[in-house]
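# Observations on the three-dimensional arrangement
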Amino acid sequence: MKQEKPIKELSDKELIRLGKSLQQVYDTGYLSLSRMLWLTFLKGCMYGLGIFLGGTVIVGLVAWILGFFDQVPLLQPVIDAILKAIQVSGVS
């Protein structure tokens, strides 16, 4: 059977901070389940969109910077193999 961890005793300062945090949640109106689920959904959508756009910008910047080089030092063997495969297949 799994042993439960003992509950940590909170100091008066921590209890006051916790109470203030709960008061803020109550004041903002997050106690409605449907509203909380909707806001959580929107937060997830915005997070996903931010990750997608951020990744796209980073990959685009890396590709743009690598475009300035005639040879890419670490990737040159891979690029040569891809070009050779394209030439052998006759795609162009």
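For the structure, check the block above.
First, a word on what this report is: a plain description of the structure on this page. Once a new chain begins, its residue numbering starts again from 1 and follows that chain's sequence as written. Residues qualify for local features only when their pLDDT is at least 70, as the model is predicted, and side-chain atom pairs are given and counted only at 80 or more; totals for whole chains, interfaces and linings, by contrast, use all residues. As a convention, hydrogens and water are excluded, and side-chain values are obtained from all of the structure's heavy atoms.

## A short note on the overall build of the protein
Applied cut-off: Starting at the N terminus, helices and strands are each numbered in turn, a helix being any DSSP run of H or I of at least four residues and a strand any DSSP run of E of at least two. Type-normalised accessible area, obtained with a 1.4 Å probe on protein chains alone, sets the label of each residue: buried when under 20%, exposed when over 50%, and partly exposed for intermediate values. Only the protein chains shown count as cover for residues, and all accessible areas are computed by the Shrake-Rupley method using a 1.4 Å probe.
When helices and strands are tallied, the protein shows three helices and zero strands. The order of helices and strands in the protein, counted from the N terminus, is α-α-α. The burial tally for the protein puts 2% of its 92 residues in the buried class. Of the roughly 9100 Å² that the protein leaves accessible, carbon and sulfur atoms contribute 69%.

## Concerning the packing of aromatic side chains
How we decide: Aromatic contacts are taken between Phe, Tyr and Trp rings whose centres are within 6.5 Å, Trp giving its six-membered ring; a plane angle under 30 degrees counts as stacked, one over 60 as edge-to-face, and the others as tilted.
If you walk through the whole model with that rule in mind, you get two aromatic pairs. Between Trp64 and Phe68 the ring centres are 5.0 Å apart and the planes differ by 70 degrees, which places this aromatic pair in the edge-to-face class. Classification of Trp64 as exposed rests on a relative accessible area of 55%. Looking at Phe68, the relative accessible area reads 58%, which means it is exposed.

## Section: helix α1 (residues 12–28)
Selection rule: A helix is expected to span 1.5 Å multiplied by its residue count minus one.
If you check α1, its first and last C-alpha atoms are 25 Å apart, about what 17 residues at 1.5 Å a residue would give, namely 24 Å. A small share of α1 lies buried, amounting to zero of its 17 residues.

Purely geometric stuff here, so don't read any function into it on its own.
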